Amino acid sequence: MRYRRAGLAKVLACTAVLAAAATACGSGGSGTSSDGKVELTIATFNEFGYEELLKEYEAANPNVKVTQRKTGQGAPHHQNLFTKLGAGSGLADVEAVEEGFLSQVMAKSGQFEDLKEIGPKDVREDRWLQWKVDAVTTKDGKLIGYGTDIGPLAMCYRKDLFEAAGLPSDPEGVKALFATWDSYFEAGDRYVAATKKPWFDSAAQIFNPMHNQAKTGYFDRDDKLVIETNDDKKIWDQVTAAVAGGQSAKLAAWSPEWETGFKESAFATKTCPSWMLGVIEGNAGPEHKGKWAVTAAFPGGGGNWGGSYLTVPKQGKNKAEAAKLAAWLTAPEQQIKAFKAKGTFPSQTEALISPELLNQTSEYFGGEKVGMLFAEQANKVAAAQYKGPKDGEIQDNIVSPALLSVEQGTSPEDAWKQVVEGAKKAAK
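Residues numbered from 1 in each chain as written. Predicted model: local features only at pLDDT ≥ 70, side-chain atom pairs only at ≥ 80, totals over all residues. Heavy atoms only, no water.

An unreviewed UniProt entry lists the protein under the name Extracellular solute-binding protein, with Saccharothrix hoggarensis as the source organism.

Written as structure tokens, this is what we have:
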């Protein structure tokens, strides 16, 4: 699931998710409290790092009271969002939206405020990386979301496992291995031959960032399904060939087996958006501190995987105040604080050149300047891939399960036919 985000904290247990989801589905009406304060609600999922920031906002705005609805995972949060959009009431004043669900939100953009119109006038679009703004701008020029975090891609790898296989292990030395996807898979063949162990965690975790690097996704800008004519079949063939060569550990992302796989050294490399550092540290445990490394080299030059927006639904009662809160939370100063709290990497141009961000290091990853590394990776992303209707459904519910079926023995040709047929049905 590409929308699953984690900061530097352990993802909530299922019981907590259900409890949080129940809270998130509560009544949405906000307005003015008995003491005359403006009441605002903000609905988020996973870890946005806003707990202390909201206290800070209330202290600076004593006439405002903010309640956060926090759901443990992205899926129930967005299910609630779309249910309440259909019902016409019940949403929070500010609703977070993850990029995996953005295409569905953009299809309902008329139910969200244009932040160019109701937001603070001093908020300029050049606050964010241009591709971050482009992804949430409608075809008629309306801006329906303020960017929060992003997921610039790097590559994480196990230095000790590389050394045991006779591969270079220092960040500079591995750059040649990760220069292109061809060189990455070639290195994987060398690793498997030397160790008889898998190179990466799962096919879907490789296919998804490769797909996201392509100029055209599952849909073109006219919302026509193009899965049979874009680069996806070529990508599919590369990934499934690597599976046939023994490179995949066949561990479905976010499964208990996948989480245990980090601790058991089940694979040597991991596609690594910025938020993945906390996931690796949490799952691999303190015994692997210093064994994992991260390099700015990423096959194909870079990309983005993950990130969210704050939107203001038209259902709200205090929409101008809600936009003001969303604007403040997505200012560079606040996003740096959120990054330090939960590892959510900023999308703001000023934040990406801030010494406070650039000097952030990770002891777990050998003291690497992760702030500078991921800032460099963020600037390599030239444009956001257009996400058409049902994009997230195709990737999460059709392509990823089909890749898993290949790992379990289905022929790549048969599985690809299932992908194309499933995508056509979803796009109807």
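Now, onward.
On to the pairing of strand β1 (residues 38-45). The buried count for β1 comes to 7 of 8 residues, which makes it a mostly enclosed element. Looking at chain direction, β1 and strand β2 (residues 64-71) are connected through 8 bridges and run parallel. In the strand pairing of β2, L40 is matched with V66. Between the parallel pair β1 and β2, the chain is carried across by helix α2 (residues 51-60), and the sense of this crossover is right-handed. Pairing geometry for β1 and strand β3 (residues 94-98), over 2 bridges, is parallel. Among the inter-strand pairings, I42 is bridged to a residue of β3, identified as V94. (Buried < 20%, exposed > 50% of the residue type's maximum accessible area, 1.4 Å probe, protein only. Helix = DSSP H or I, 4+ residues; strand = E, 2+ residues; numbered from the N terminus. Pairing = 2+ DSSP bridges. Right-handed = clockwise from strand over helix to strand, strands pointing away.)

A pair can form between side chains of opposite charge whenever their charged atoms are brought close. Counted according to the given criterion, the structure contains 17 salt bridges. The partner of K337 in a salt bridge is E56, and the shortest N-O contact between them spans 3.0 Å. Taken together, the positions of K337 in helix α14 (residues 332-342) and E56 in helix α2 put the pair 281 residues apart, joining distant regions of the chain. You can call K337 partly exposed: its relative accessible area is 35%. Note that E125 and K116 form a salt bridge whose closest N and O atoms lie 3.2 Å from each other. Judged by relative accessible area, E125 falls into the partly exposed class, the value being 29%. Looking at K116, the relative accessible area reads 36%, which means it is partly exposed. One continuous salt-bridge network, built from bridges that share partners, spans E47, E51, K70 and K342. (Salt bridge = Lys/Arg side-chain N within 4 Å of Asp/Glu carboxyl O.)

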